[in-house]
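What follows is the residue order along each chain.
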Amino acid sequence: MKNAELVRRKDAATPRGVGVMCNFYAERAENSEIWDVEGKRYIDFAAGIAVLNTGHRHPRLVEAIQRQLGRFTHTAYQIVPYASYVELAEKINQRAPGRSAKKTAFFTTGAEAVENAIKIARAATGRPGVIAFSGGFHGRTMMGMALTGKVVPYKVGFGPFPGEVFHAPYPCALHGVSVDDSLKALQHLFKADVDPKRVAAIIFEPVQGEGGFNVAPPAFVKALRAVCDEHGILLIADEVQTGFGRTGRLFAMEHYEVAPDLTTMAKSLAGGMPLSAVCGRAEVMDAPAPGGLGGTYAGNPLAVASALAVLDVLDGEQLIPRGAALGQRLVARLESLKSRVPQIAEVRGLGAMVAVEFRRADGSPDPEFTREVQNRALEQGLLLLSCGVYGNVIRFLFPLTIQDAVMDEGLDILADVLTR
Ligand SMILES: Cc1ncc(COP(=O)(O)O)c(C=O)c1O
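Residues numbered from 1 in each chain as written. Predicted model: local features only at pLDDT ≥ 70, side-chain atom pairs only at ≥ 80, totals over all residues. Heavy atoms only, no water.

So, the overall build of the protein chain
Using the following cut-off: Helix numbering and strand numbering both begin at the N terminus, where a helix is a DSSP run of H or I of at least 4 residues and a strand a DSSP run of E of at least 2. Computation of the radius of gyration draws on C-alpha atoms alone. For the globule rule, the value is 2.2 Å times the number of residues to the power 0.38. Burial classification: accessible surface area is computed with a 1.4 Å probe over protein chains only, and a residue below 20% of its type maximum counts as buried, one above 50% as exposed, and the rest as partly exposed. Computed by Shrake-Rupley with a 1.4 Å probe, the accessible areas treat only the displayed protein chains as cover when residues are assessed. Counting rule for charge: Lys and Arg are taken as positive, Asp and Glu as negative, and neither His nor the chain ends is counted. Every charge is mapped onto a representative atom, which is NZ of Lys, CZ of Arg, CG of Asp or CD of Glu.
Within the protein chain, the secondary structure is distributed over 13 helices and 15 strands. In terms of overall dimensions, the protein chain is globule-like: its C-alpha atoms have a radius of gyration of 21 Å, near the 22 Å expected for 420 residues. Seen along its three principal axes, the alpha-carbon backbone of the protein chain occupies a region of about 60 × 55 × 45 Å. For the protein chain, buried positions account for 54% of its 420 residues. Per element, the accessible surface of the protein chain, about 17700 Å² overall, is 54% carbon and sulfur. One finds the centroid of the 45 positive side-chain charges in the protein chain at a distance of 2 Å from the centroid of its 45 negative side-chain charges.

Below, the structure written as structure tokens:
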């Protein structure tokens, strides 16, 4: 089967709204490499959009899923429960940020975790309002879209969105938004748009993912916590993209002095199996009545088995410090290219969550150069993802298990396409 033929069939059979980046089709994958149906090999610096911190088909995950396949694949946890769900909840409760007693509920997608975090926050506070940030991405469901702070392509044509959602600017020094600007705008929301006593939650990404890998300054996170404490608002950290070792810690919030009340997680939680979770303070998590949370597939046993293996692999192979070291190597390489690539405006990130932003000579965002870099890399067999409100950022999401030689090969291709 040829790629071109599959593209033709895809165009005829599936809607364009499911936008597809690559014009080749996957045949098989191993750790940090993918082979297409024509046998071409790609180095995978996309990792299924931050899902594969433990790589493609890690043998421990494959074994755990196969073992579970031999036992049962689905009972619906809310009908016939299974121990592995409880065991995974216990492990996450122990390790998620915050010292208070915690509870965890499982779902299937990141957006579903976000939806449920908002449901829980509303049930716990009895308030309707939610504040999110510009440039934030929280998913493609109705509330996910309402919270998302990027119009194209996520929100175009899909409104009206659920009400009582407000946005404040996310701090980003490069784009001229200081922590102070952001906090002043938040206070202005309380004066102009919503009484803080009507706000259930503030939701934010400790490092914005789709928004451009903008890292929240510590002073900003501390101030958000203080604002929440002052007004009885719950703080939700959306760690769907930052979680499970990507930032040099299991959760990005471990880099900060303060803890959220609720954390959403998905993506690398189960290393390629669909699983998401909301973990939070026990009394907050217990606010919704029995039956108010869950879903037919929520906490699927194959995905839970995979997630338990992910935690073992992250610990057993010391992948979190390894990821941080790989991130440093990437940053050093990009910094060394700065003098030869005038388009590089900034190299930033946390741990292995690294990005490079491109600008034109006049200082405006350069999405064309970004696309060129992406396309040239793809031609040479390196899969890169872009992000950023202006589409002018390349983000790096290589598996933390990537072999040194493959990482070096990827970095060499990157250097070549940037300097060509
Ligand atoms: C921070 C964040 N929240 C939520 C989501 C939505 O997750 P999903 O696509 O699994 O619904 C994403 C996906 O990229 C994300 O990065």
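Considering helix 7 (residues 179–192)
The condition that has to hold: The span one expects for a helix is its residue count, reduced by one, times 1.5 Å. Note that the arc is computed from the directions linking the helix axis to the C-beta atoms. By the convention used here, residues are in contact when the closest approach between their heavy atoms is within 4.5 Å.
Taking 1.5 Å of rise per residue, 14 residues should cover 20 Å, and helix 7 covers 20 Å from first to last C-alpha, within 8% of that figure. Buried within helix 7 we find S182, L183, L186, L189 and F190. Seen from one end, helix 7 has its buried residues packed into an arc of 105°, which puts them on one side. Facing away from the buried side of helix 7, by more than 90 degrees, are the exposed residues K184, H188 and K191. Tucked inside the fold, the buried residues of helix 7 contact strand 5 (129–133), strand 6 (165–168), strand 7 (199–204) and helix 8 (218–231).

Some thoughts on the packing of helix 12 (residues 367–379) against helix 13 (residues 404–419)
The cut-off we apply is this: Axis definition: a line fitted to C-alpha atoms, limited for helices to the stretch in contact. Angles are taken between N-to-C directions and run from 0 to 180 degrees. Relative orientations are named as follows: roughly parallel for angles under 35 degrees, roughly antiparallel for angles over 145 degrees, roughly perpendicular for angles from 65 to 115 degrees, and oblique for any other angle. With the far helix as reference, a near helix turned anticlockwise by less than a right angle produces a left-handed crossing, and one turned clockwise produces a right-handed crossing. Gly is placed with the polar residues, together with every amino acid not listed as nonpolar (Ala, Val, Leu, Ile, Met, Phe, Trp, Tyr, Cys and Pro) or charged (Asp, Glu, Lys and Arg).
One can describe the packing of helix 12 onto helix 13 by two numbers: an axis separation of 9 Å at closest approach and a directional angle of 135°. In terms of their interaxial angle, helix 12 and helix 13 are classed as oblique. For the element pair helix 12 and helix 13, the recorded crossing hand is right-handed. On helix 13, the residues touching F369, V373, R376 and A377 of helix 12 are I413, V417 and L418. For the contact of helix 12 with helix 13, a count of residues per class yields 6 nonpolar, no polar and 1 charged.

A look at the domain arrangement of the protein chain
When the parts of a complex come together, some accessible area is lost, and that lost area is often taken as the interface size. Put simply, the rule reads: Where each domain begins and ends is defined by an automated method or by a domain database. Once two parts are put together, the accessible area they lose, assessed with a 1.4 Å probe and summed over both, is termed the buried area. What makes a salt bridge here is a side-chain nitrogen of Lys or Arg within 4 Å of a carboxyl oxygen of Asp or Glu, nothing more. Definition of a polar contact: a pair of N or O atoms within 3.5 Å, with one able to donate and the other able to accept a hydrogen when the atoms are protein atoms, and with sequence-neighbouring residues admitted only if both atoms are side-chain atoms.
Split into domains, the protein chain comes out as domain 1 (3–57 + 318–419) and domain 2 (62–316). Between the C-alpha centres of domain 1 and domain 2 there is a distance of 25 Å. Taken together, the two surfaces of domain 1 and domain 2 that pack against each other cover about 2900 Å², and 61% of this comes from carbon and sulfur. Per-residue buried area on domain 1 facing domain 2 is highest for I320, L350 and M353; these three make up 26% of the total on that side. Across the contact surface, domain 1 and domain 2 share 1 salt bridge. Between R395 and E210 there is a salt bridge, with its nearest N and O atoms 3.0 Å apart. Counting across the interface, domain 1 meets domain 2 through 23 residue pairs in polar contact (both at pLDDT 80 or more). Of all the secondary structure elements, the ones that give two or more residues to the side of domain 1 that touches domain 2 are helix 2 (47–50), helix 11 (319–337), strand 11 (344–350), strand 12 (353–358) and strand 15 (393–396). Looking at the side of domain 1 that touches domain 2, the element that brings in the most residues is strand 11, giving 5 residues.

Details of the sheet that holds strand 6
Paired through their backbone hydrogen bonds, the strands of a sheet run either parallel or antiparallel. For clarity, the cut-off: Pairing between strands is defined by DSSP: at least two bridges between them are needed.
The 7 strands lie next to each other as 4-10-9-8-7-5-6, forming an open sheet whose pairing is mixed. The two strands at the open ends of the sheet, each matched to only one other strand, are strand 4 (102–107) and strand 6. Direction aside, the axes of adjacent strands within the sheet are offset by 20° on average. Inspection of the sheet shows strand 7 paired to strand 8 (residues 234–238) by 4 bridges, in the parallel sense.

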